[in-house]
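The residues making up each chain are set out below.
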Amino acid sequence: MDARYDCAILGAGILGLAHALAAHRAGLRTIVIEREAAAVGASIRNFGFVTVTGQEAGDCWRRACRSREVWAELAPRAGIPILQRGLLFAARREEALACLEEFAAGPMGAGCRMLDAAEAAAGGALRPGLAGALWSPHELRVESREAIPRLAAWLEAEGVAFRRRTAATGVEPGRLLTTAGPVAADRIILCPGPDLRSLCPEIFARRGVTLCKLHMLRVAAPGFALPAPVMSDLGLVRYLGYRDCPSLPRLAARLRAEQGAELGHGIHLIAVQGADGSLVVGDSHHYADSHDPFQPRAVDDLILGELSAVLDLPRPEVVERWIGLYPSGPDTAFFESPMPGVMLVSVTSGTGASTAFGLAEDVFAAWESMA
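Values in this document were obtained by computation on a predicted structure and should not be read as measured data.

Asker: Let's hear about the environment of serine 278: which residues, and what values?
Answerer: In this fold, serine 278 is placed in the loop between strand S13 (270-273) and strand S14 (279-282). Residues serine 278 and proline 222, spaced 56 residues apart in sequence, show a C-alpha to C-alpha distance of 7.0 Å. Excluding residues within four positions of it along the chain, serine 278 makes contact with Arg218, Val219, Ala220, Ala221, Val272 and Gln273. A polar contact is formed between the side chain of serine 278 and the side chain of aspartate 276, at a distance of 2.7 Å.

Asker: Before we move on, can you summarise the pattern of salt bridges with the specific residues and values?
Answerer: Under the defined criterion, the tally for this structure stands at 27 salt bridges. We note a salt bridge from aspartate 195 to arginine 35, for which the minimum N-O separation is 3.5 Å. On the criterion of sequence distance, the pair formed by aspartate 195 in the loop between strand S10 (183-190) and helix H6 (201-206) and arginine 35 in the loop between strand S2 (30-33) and strand S3 (49-50) is long-range, its members being 160 residues apart. The salt bridge partner of arginine 141 is glutamate 143, with a shortest N-O separation of 3.2 Å. Where salt bridges share partners, they join Arg93, Glu95, Asp233, Arg254 and Glu258 into one cluster.

Asker: Kindly report on the UniProt feature "domain: FAD dependent oxidoreductase" (unreviewed entry) in the protein, identifying the contributing residues and their values.
Answerer: As annotated by UniProt and renumbered to match this structure, "domain: FAD dependent oxidoreductase" (unreviewed entry) occupies residues 6-362. The span residues 6-362 carries 31% helix and 28% strand; its end-to-end C-alpha distance comes to 18 Å.

Asker: Just give me the short version of the packing of helix H3 (residues 94-104) against helix H7 (residues 248-258), but keep the residues and values in it.
Answerer: At a closest axis distance of 9 Å, the pairing of H3 and H7 adopts a crossing angle of 150°. Overall, the two elements H3 and H7 adopt an arrangement that is roughly antiparallel. Between H3 and H7 lies a crossing of left-handed hand. Contact with H3, carried on its side by Glu95, Ala96, Ala98 and Cys99, involves Leu248, Arg250, Leu251 and Arg254 of H7 and no other residues of that element. Looking at the contact of H3 with H7, its residues break down into 5 nonpolar, no polar and 3 charged.

Asker: Give a detailed account of unusual backbone geometry, specifying residues and quantitative values.
Answerer: With omega at -10°, the peptide bond leading from glycine 282 into aspartate 283 counts as cis. Relative to the assigned elements, aspartate 283 resides in the loop between S14 and strand S15 (286-288). One non-glycine residue, arginine 165, lies in the positive phi region at around 55°. One can find arginine 165 in the loop between strand S7 (161-163) and strand S8 (168-172). For cysteine 200, which is not a glycine, the phi torsion comes out positive at approximately 55°. For cysteine 200, a relative accessible area of 9% corresponds to the buried category.

The rules behind each value
- Residues numbered from 1 in each chain as written.
- Predicted model: local features only at pLDDT ≥ 70, side-chain atom pairs only at ≥ 80, totals over all residues.
- Heavy atoms only, no water.
- Helix = DSSP H or I, 4+ residues; strand = E, 2+ residues; numbered from the N terminus.
- Contact = heavy atoms within 4.5 Å.
- Polar contact = N/O pair within 3.5 Å; in protein donor to acceptor, adjacent residues only side chain to side chain.
- Salt bridge = Lys/Arg side-chain N within 4 Å of Asp/Glu carboxyl O.
- UniProt positions renumbered as here; feature names shortened; annotations may be inferred.
- Axes fitted to C-alpha atoms, helices over the stretch in contact; angles between N-to-C directions.
- Parallel < 35°, antiparallel > 145°, perpendicular 65-115°, else oblique.
- Left-handed = near helix turned anticlockwise from the far one by under 90°.
- Nonpolar A, V, L, I, M, F, W, Y, C, P; charged D, E, K, R; others polar.
- Buried < 20%, exposed > 50% of the residue type's maximum accessible area, 1.4 Å probe, protein only.

Next up, the structure:
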């Protein structure tokens, strides 16, 4: 801890690890400071679904495309299995199908194709009677609770230093102050995740950042294989990449009439499949400055109801439940320098697994342009 580093990074979640990778590739002597003994936060409490299709046009979509490339490159080197590829976006309603057709015809729909009802149901996973589906080849999926520790271990083997069980107490130009003493570094990158108060609280407040709590579930193996991760109609009103679809207002009106409770809890469906056949299913979105740790069954039941409306799984068996917590704000992500040599970076849209590698490269490019 007494040595000088070229780069010190606070946080060993996916965002901190992405910056450690970028720093390592830039030839910088790098240390990662993490308050926990192991990964326990939002970076392992998610789907591990690197989502490109439906991300907001512009920087977010570009970063997702780049992050997907980096994941595909690193996964075999770090011993991280890629469990699924692609996305099957199921349309329960004709209005949803129209939105997907409009999206597929646009610039971000390149490589996607539409499936009619028979094609969508051909694999035996989706329920008969759906309006159709969109197939995207762009996504990939890893098991987050395994992928994050393996990525950290690979970075450490590559020469990145890690100091765990160490909390930051302050920052100043050239020094990150920690419970184990100061860390001297020419560049300091702060990736504090949902900790909005310990460092740079005025920036989070100015940017209107709060916390989002979400419900996640693991469902026992259903006896069939998903052809890819699955999403459904509710996702069209949550993912910003679909907001310019002309049919979206009609879909939103129908969803308000038919699934107002789901919209009220910020529910949309993502279902991904693990190596053991089980499904990771979610999620919901509730926003506040502080959240209770509880997981009301009524919200879980709404998520499971949407799952059964899309998959041929009338009685899903829940084997595990948990909540996630991540920063949320009006921007999908931001980075800002509060003082010379220090950069605060935050993903404020729940897209860390999908965009972190691209965002980290943008941060280093911006830093170089400021030099």
